[in-house]
Amino acid sequence: MIEVRVLTGADLDAALDDVARLRINVFREWPYLYDGDFEYERNYLSAYRENPAAVLVGAFDGTSLIGAATGTPMLDHADEFASAFGGLKWDLSKVFYCAESVLLVEYRGHGIGHKFFDLREVHACRLGCDKVAFCAVIRPENHPLRPQSYRSLDAFWLKRGYQPLPDVVAQFKWKDIDASDETQKPLQFWAHDLHV
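Summary of the structure given here. (Residues numbered from 1 in each chain as written. Predicted model: local features only at pLDDT ≥ 70, side-chain atom pairs only at ≥ 80, totals over all residues. Heavy atoms only, no water.)

## Quick notes on the overall build of the protein chain
Right, so step 1: Looking only at helices and strands, the protein chain features 5 helices and 7 strands.
Right, so step 2: Written out in order from the N terminus, the α and β elements of the protein chain read β-α-α-β-β-α-β-α-β-α-β-β.
Right, so step 3: Taken along the three principal axes of its C-alpha coordinates, the protein chain extends 45 × 40 × 30 Å.
Right, so step 4: Across the 196 residues in the protein chain, those meeting the buried criterion constitute 45%.
Right, so step 5: If you take every contact in the protein chain between residues at least 6 apart in sequence, the share linking residues at least 24 apart comes to 71%.
Right, so step 6: For the protein chain, the exposed surface amounts to about 10500 Å²; the carbon and sulfur share of it is 51%.
Right, so step 7: With 21 positive and 29 negative side-chain charges, the protein chain shows a separation of 4 Å between the mean positions of the two kinds. (Helix = DSSP H or I, 4+ residues; strand = E, 2+ residues; numbered from the N terminus. Buried < 20%, exposed > 50% of the residue type's maximum accessible area, 1.4 Å probe, protein only. Contact = heavy atoms within 4.5 Å. Areas by Shrake-Rupley, 256 points an atom, 1.4 Å probe, with all protein chains shown as cover. Lys, Arg positive; Asp, Glu negative; His and termini not counted. Charge placed at Lys NZ, Arg CZ, Asp CG, Glu CD.)

## Observations concerning helix H4 (residues 112–126)
Right, so step 1: Here H4 spans 21 Å end to end across 15 residues, near enough to the 21 Å set by a 1.5 Å rise per residue.
Right, so step 2: Among all positions in H4, only Ile112, Phe116, Phe117, Arg120, Glu121, His123 and Ala124 are buried.
Right, so step 3: Two residues or fewer past H4, glycine 128 is found with a positive phi of approximately 85 degrees. (Expected span 1.5 Å × (residues − 1).)

## A closer look at the pattern of salt bridges
A pair can form between side chains of opposite charge whenever their charged atoms are brought close.
Right, so step 1: All chains considered together, the criterion is met by 16 salt bridges.
Right, so step 2: For arginine 21, the salt bridge is made with aspartate 18, and the minimal N-O distance between the two is 3.1 Å. Here arginine 21 and its partner aspartate 18 are both found in helix H1 (residues 9–26), 3 residues apart, which amounts to about one turn of the helix.
Right, so step 3: Here aspartate 176 and arginine 139 are joined by a salt bridge, their closest N and O atoms 3.0 Å apart. One end of the pair, aspartate 176, is in the loop between strand S6 (163–175) and strand S7 (182–193); the other, arginine 139, is in the loop between strand S5 (131–137) and helix H5 (154–159), with 37 residues separating them in the sequence. No difference in accessibility class separates aspartate 176 from arginine 139, as the two residues are buried.
Right, so step 4: Members of the salt-bridge network, linked through shared partners, are Asp17, Glu39 and Arg42. (Salt bridge = Lys/Arg side-chain N within 4 Å of Asp/Glu carboxyl O.)

## A closer look at H1
Right, so step 1: The first and last C-alpha atoms of H1 sit 25 Å apart over 18 residues, in line with the 26 Å expected at 1.5 Å per residue.
Right, so step 2: The sharpest bend along H1 comes to roughly 40 degrees, located at leucine 16.
Right, so step 3: Buried within H1 we find Leu12, Ala15, Leu16, Val19, Ala20, Leu22, Arg23, Ile24 and Val26.
Right, so step 4: On its buried side, H1 packs onto helix H2 (38–50), strand S2 (55–61), strand S3 (64–73) and strand S4 (95–103). (Bend = angle between axes of the 7 residues up to and from the residue.)

## Re the sheet that holds S6
Right, so step 1: Taken together, 7 strands build an open sheet; the order of strands is S1-S2-S3-S4-S5-S7-S6 and the sheet is mixed. In the strand order of this sheet, the two ends are held by strand S1 (2–6) and S6, each with one partner. Geometrically, the sheet is characterised by an average inter-axis angle of 25 degrees between neighbouring strands, direction not taken into account.
Right, so step 2: Contacts from H1 reach S1, S2, S3 and S4, with the element oriented near 95 degrees to S3.
Right, so step 3: Its contacts with the sheet place H4 against S1, S2, S3, S4, S5 and S7, and it is angled at close to 155 degrees to S4. (Pairing = 2+ DSSP bridges. Axes fitted to C-alpha atoms, helices over the stretch in contact; angles between N-to-C directions.)

## Some words on the nonpolar core
Right, so step 1: With 61 residues, the main nonpolar core has Met74, Phe81, Phe85, Ile112 and Phe189 as its most contacted residues.
Right, so step 2: Aside from chain neighbours lying at most four places away, what touches methionine 74 is Phe81, Ala82, Phe85, Leu92, Val95, Phe96, Tyr97, Ala133 and Phe189. (Core = buried A, V, L, I, M, F, W, Y, C linked by side-chain atoms within 4.5 Å.)

## Re unusual backbone geometry
Right, so step 1: With omega at 10 degrees, the peptide bond leading from tryptophan 30 into proline 31 counts as cis.
Right, so step 2: With respect to the helices and strands, the residue proline 31 is situated in the loop between H1 and H2.
Right, so step 3: If you check the backbone angles, leucine 33 has positive phi at about 55 degrees while not being a glycine.
Right, so step 4: Secondary-structure assignment places leucine 33 in the loop between H1 and H2.
Right, so step 5: Even without being a glycine, aspartate 167 presents a positive backbone phi close to 65 degrees.
Right, so step 6: Counting through the fold element by element, aspartate 167 comes out in strand S6.

Structural data, given as structure tokens:
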């Protein structure tokens, strides 16, 4: 029986190290290929403890954390992300940013991803946001590490009402698993209007 719930207080504190490990594990996969560092992850995730407007959703199989999703108001996240919206006349104080959804591979395809979005969208509505956005890394079709079996999540996002935003692309650096240095990556933003 999988339980998906918003984590707060002591439950949130207790889960952060496991969320860090999940991020490192899941983001090693295509298309992120992220060569994660545990101390960096712990530091990054501390923002979810310190920001009352942030949300952390956990998916549990018994007592084991097998997935997590996070989000914050857009203006509380990295400047590189908010600056990508410069060409739009949006009030970014009303945009909620869904940062990551990470789920162990054996638990995918059972509706947990929908619950991750549902709970973050409810949280965004409570904050008075009228839009939800996220971004996904853009990789070339002929990338040497692209698995032949890879299936894009575009259909899942479109089904939930999200659309890619033309020319709204952030740039962010990380080290790929096959690289020695960090390199800049383009990330395509998608967004969806909330009906509040």
